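Notes for the structure review
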Amino acid sequence: MNRYQREIILFSIALVAILVILIGFGEAYTTRLMVEIACHAVLALGLTIQWGYAGVFNAGVMGFMAVGAFVTMLFSFSINDEFWSSEGPGALAGLGVQILLLTIFIAALTQLHRFGISQRIKTACLLTALIIAFFVFNNAVEPVARVIESQAGFIGGFGLPVIVGWIAGGITAAIVAYGIGKACLGLRSDYLAIATLGFAEIIKAILKNADWLTRGTLTVSPLPWPVPTPNDIGFVLARSAYLSLMAVIVVAMFLLLQRAYHAPWGRMMRAIRDNEVAAAAMGKDVNFRRLEIFVLGSGLIGIGGAALTTFGRIFDPAGFHPLKNTFVIWVMVLVGGAGSNLGAIFGATAIYIIWTMSEPLTLFVFDVVANYGTEWFNWEPPADLAARALQTRVFLIGLTITIALRYVPHGLIPEDARRLRSV
Amino acid sequence: MVSGYGGEPILQGVDIALEAGRIGVIVGPNGAGKSTALKSLFGLISLDQGRVLFDGTDITLVAPDKRVGLGIGYVPQEMNIFPSLTVQENLEMGAIIRDDDFSHVIDQTFEIFPPLKDKRYSEAGQLSGGQRQMVAIGRALMVEPRLLLLDEPTVGLSPAFVQDIIERITSIARSGVGILVVEQNARRALEIADTGFVLAGGKNLYTDTGENLLNDPEVARSFLGG
Amino acid sequence: MNELIFFINKVIISGTIIGCIYALGAVGATLVFGILRFANFAHADMMTVGAFVALVFVSWFPGAGSVVGLPTGFVMLPVAMVFVAIMSVALDRMFYRPLRERNVKPILLLVASIGVMLMIQGLVRLFAGTAPRHFFSAEKKDIFRIELPFELSTRDIVITEPQILLIITTIVCIFCLHRFLTGTRLGKAMRAMSDNPDLALITGINTDRVVSATWMIAGTLAAAGGVLLSLDVILKPDLSFNLLLPIFAAAIVGGVGRPYGAIAGGLLVGFTESLAIFNWSILLRPLAPYIPDWVEIPSKLAFVPTEYKIVVPFVILIVVLIWRPTGIFRGQVL
């Protein structure tokens, strides 16, 4: 098989699947599915450059998605006049001043060594100050949050264009990634995996509980779209417009990443991935490069999360789930082929279709099983059968990961370097 | 032997032979393939060509951990102890493949390396460099090997310790153990060598008794710094 | 005085309890991390499986506990431990060993462990549902109230039977583990392999046996932790991620590959958590007469609101990674 035949066959299968869905479920559903695929393709591209290009392990995709989604909501949601006319902004500004003072104080402490104070005492002072600052900050947020929540609900958005929100979301996710990466990237990837997993849970906890900022479990909707919404021009047309926008983004990203892959920069990243010691010996700043790609990939994931949430029109922090938002993306990357941009896009398409279709399918299968079970064995199905049935998908995702690792370690569309070598 | 780590072989034809109870020393410039030769003998690197014979038996295809059972002890150059285990436990680990009572071997080891006896219940990682090297050699001695392979046992040690270790190596050999040492301190090592192997570029350059090599002006000029 | 008792109940007792749970989890995690060189993400789910197995046996033999006068769930603890120990070895044979034999980088084992984690989660929730379960639906939970002989105290120190059992079991487990690691050849070989796997191999240590033993210990302790946690509070099938982070924080704080460090780390994380979410204004209240009027004691004064509890292990983890990546017991940095 020459190197293009395989891709053509795989993508043809995906295309046929989409056509079947188009016939079976109609245009509105199919356009929605395709937009979501495109959003997941962005996410998968972000993850594949981290894991596939440089071997950087990010188990907190959900966290970066959530950051991107939140920032988009904050930037693009309509301005909440009630908030701006309440005591909220004043209280918030007061909080801001407090944070500023604390930051200045701590920044001053980091310079203590200039006054001849030993490193050990400095560290101790700094740690104590940080704990006290955190304590003060924590207990200062509470009253401000109460004021805002009682007078205005939440602070609302800035009413800026959606695209600005997406870009801001990506940048914020990248900044957050920089902070985490600074702390953990020097160590082996396991530590980063644990840290990012924890970070994602924390982000979720914060967004879920900070009602004044995000309305928490009350959710924020409807989010504005960068293109006309279904209310204006109908489902199919609006979703097609959204799809065109996403297609442009995916294609642009693909081309840029493909260029980067074949550029000396990409070769260097692969060298770091395959043999860190040798790369370091050749004078590459391994940690800086890994931080670079971690930040870049997380930024892309932030944009992907922003686009996906915007498309759903609702910002619901409780709706983020590690399975759906982290591990499904991982499966896309692993099945597609780590480090392969085309593989990431194919993985996103194939896995997302399977993932979406498996929901009605498992429900159907379990319904049948339950019916026959009741009829033949007098089995009484549990009341939460539907919720349980969906858990088979969790099992299948896990199984796919282990199978992919063992039998197709390089994915269905291996990265270019591997493919070109074997031809 | 011809072997290497894939690609161009590092060893391009090296012959090493040693009789029981003798000391063989492998010397040569950096990159000559000294450590590779030792690893190949122990089976850590599989041979591309050639054979490894031990007591007349072909052991070329025997896995390294099985060679320990045959009576070959190997002490790697670095990371050659279990740092969080006590000295005693390190020695016990050396005897892990033995099912018989080996307490007398531990006592013998403490006789060869008296400093270890006082430290038997301290963590090996806390010991000085020379003592760690003793632990490493002691661990390999626990199977009562007939051949001991030592990869640069004196590297990083202060001169007093170097002398100390080298003397102990001779006393181990006197008890009937064949010892093959890779050594940077070529002059010192050749002084105790029954046979010296000078390697360069992955090939045998000279093989002779230690004394003859030391007196050979050619060898002295090229490898012993004049 | 009451305030102090409140402090003991909320910080000392709950800190010890949760610390023991983390310790039981962290010991297994640190052994697997040290010997197999990867962070096993499925570890917390092994705990869930243990609790679930015990629950199933409780439903089969509901009267078993009253025979010996202990909670039935606790009586089923050995069953759960054996089950999870065998399961861990089986999982290793099925999913991890084939990868090890291919000599892949250890990080791929971590990816595989994520797969295993999801499979376990899926199966447990498929059969057990997603709703929380109680061990004490049929039996009564014994609660001990210790009155203090002080005039000022009207409240009691409260500790429940499962909590006492938890502390005792943890101590027993740790003692047995200590005896195993320092007193048996296999235990010493395990420590040796965690110290220096390459040397272990060429010394002739049977690495296969060590790996199996590691999994069995990890599984046993995980099951113990899972059952005891569920006895103390409730069995939540979706506990996984909330346990994983503190467990790994504990393992890394203690030093990877250092079981004793993991115990210390577990208790440290547990106590820090309890201290962080403790409402300090309660302790300040008796001091109210001495505090100037213009300082108002807020009704709630905690380092971290309870809903952000997960921040605590995360911060501990990051602080340790920055300042002392080898942990307090000088483990490996992998």
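What comes next is a walk through the structure. Here the residue index of a chain counts from 1 through its sequence in written order. By the order in which they are written, chains take letters starting at A while ligands take numbers starting at 1. For a predicted model such as this one, the threshold for reporting local features is a pLDDT of at least 70, and the threshold for listing and counting side-chain atom pairs is 80 or more; totals across whole chains, interfaces and linings nevertheless cover every residue. Think of the side-chain values as coming from all heavy atoms in the structure, minus any hydrogens and water.

In this section: the overall build of chain B. Tallying secondary structure elements over chain B gives 10 helices and 11 strands in all. For this measure, only C-alpha atoms enter the radius of gyration; the expected value for a globule follows 2.2 Å times N^0.38, where N is the number of residues. The globule rule puts the C-alpha radius of gyration for 226 residues at 17 Å, and the 17 Å found for chain B is close to it. Overall size of chain B, expressed as C-alpha extent along the three principal axes, is 50 × 40 × 30 Å. Considering only intrachain contacts with a sequence separation of at least 6, the fraction spanning at least 24 residues in chain B is 67%. Throughout, the Shrake-Rupley method with a 1.4 Å probe supplies accessible areas, and for residues the shown protein chains are the sole cover considered. Summed over its atoms, the accessible surface of chain B is roughly 10,000 Å², and 47% of this surface lies on carbon and sulfur atoms. By the counting rule applied here, Lys and Arg register as positive and Asp and Glu as negative, while His and the ends of each chain are not counted. Lysine's charge is taken at NZ, arginine's at CZ, aspartate's at CG and glutamate's at CD. Mean positive and mean negative side-chain charge positions of chain B (19 and 29 charges, respectively) differ by 2 Å. Numbering of helices and strands starts at the N terminus; helices are DSSP runs of H or I of at least 4 residues and strands are runs of E of at least 2. By definition in these notes, contact holds between two residues if any of their heavy atoms fall within 4.5 Å.

Side-chain atoms within 4.5 Å are what join buried Ala, Val, Leu, Ile, Met, Phe, Trp, Tyr and Cys residues into a set we call a nonpolar core. Exposed residues in this analysis have more than 50% of their type's maximum accessible area, buried residues have under 20%, and partly exposed residues fall in between, with area computed by a 1.4 Å probe over protein chains only. In terms of nonpolar packing, the biggest core is built from 263 residues, with Phe57 of chain A together with Phe41 of chain C touching the most fellow members. When residues in this core are grouped by element, the largest group, 17 residues, is from helix α1 (residues 2-36) of chain C. All the domain ranges listed were derived from an automatic or database domain assignment. Looking at this core, you find at least three residues from each of domain 1 (5-80 + 154-422) and domain 2 (81-153) of chain A.

This brings us to unusual backbone geometry. With the exception of glycine, the majority of residues adopt a negative phi angle, and the majority of peptide bonds are in the trans configuration. Omega for the bond connecting Ser221 of chain A with Pro222 of chain A falls within 30 degrees of zero, at -5°, which places this linkage in the cis form. Looking at the element boundaries, Pro222 of chain A is found in the loop between α9 (211-214) and α10 (230-233). Phi is positive for Glu144 of chain B, which is not a glycine, with a value near 50°. Phi at Arg37 of chain C is positive, roughly 70°, even though this residue is not glycine. Structurally, the position occupied by Arg37 of chain C is in the loop between α1 and α2 (43-60).

What follows is about the interface of chain A and chain C. Taken together, the 51 residues of chain A in the interface contact 61 residues of chain C. For the pair chain A and chain C, the summed buried surface comes to about 4,700 Å²; carbon and sulfur atoms form 76% of the total. Salt-bridge detection follows one rule: a side-chain nitrogen of Lys or Arg within 4 Å of a carboxyl oxygen of Asp or Glu. For the pair chain A and chain C, the interface holds zero salt bridges. Two N or O atoms count as a polar contact when they lie within 3.5 Å, although within protein this holds only if one can serve as hydrogen donor and the other as acceptor, and sequence-adjacent residues are included solely when both atoms are side-chain atoms. Inspection of the chain A/chain C interface yields six residue pairs in polar contact (both at pLDDT 80 or more). Residue assignment for the side of chain A that touches chain C shows that the elements contributing at least two residues are α6 (119-152), α7 (162-184), α8 (189-209), α12 (264-274), α15 (322-336) and α17 (385-407) of chain A. If you tally residues by element for the side of chain A that touches chain C, the top one is α8 of chain A, at 14 residues. Across the side of chain A that touches chain C, the residue classes break down as 33 nonpolar, 10 polar and eight charged. Once two parts are brought into contact, the accessible area they lose, counted with a 1.4 Å probe and summed over both, makes up the buried area. Side-chain classes follow a simple rule in which Ala, Val, Leu, Ile, Met, Phe, Trp, Tyr, Cys and Pro form the nonpolar group, Asp, Glu, Lys and Arg form the charged group, and the remainder, Gly included, forms the polar group.

This part is about the packing of helix α7 (residues 161-183) of chain C against helix α8 (residues 185-195) of chain C. Helix-helix packing is described using two parameters, namely the angle between the two axes and the distance between the axes. Residues and elements named next belong to chain C. Here an angle of 0 to 180 degrees is reported between the N-to-C directions of two axes, which are lines fitted to C-alpha atoms, with helices fitted over the stretch in contact. It is the contact of α7 with α8, at a shortest axis distance of 5 Å, that shows an interaxial angle of 80°. When the axes of α7 and α8 are compared, the pair comes out roughly perpendicular. Between α7 and α8, the contacting residues are Phe180, Leu181, Thr182 and Gly183 on the first element and Arg185, Leu186, Gly187, Lys188, Met190 and Arg191 on the second. Among the residues making up the contact of α7 with α8, the classes are represented as four nonpolar, three polar and three charged. Small angles under 35 degrees read as roughly parallel and large ones over 145 as roughly antiparallel, with 65 to 115 read as roughly perpendicular and the rest as oblique.

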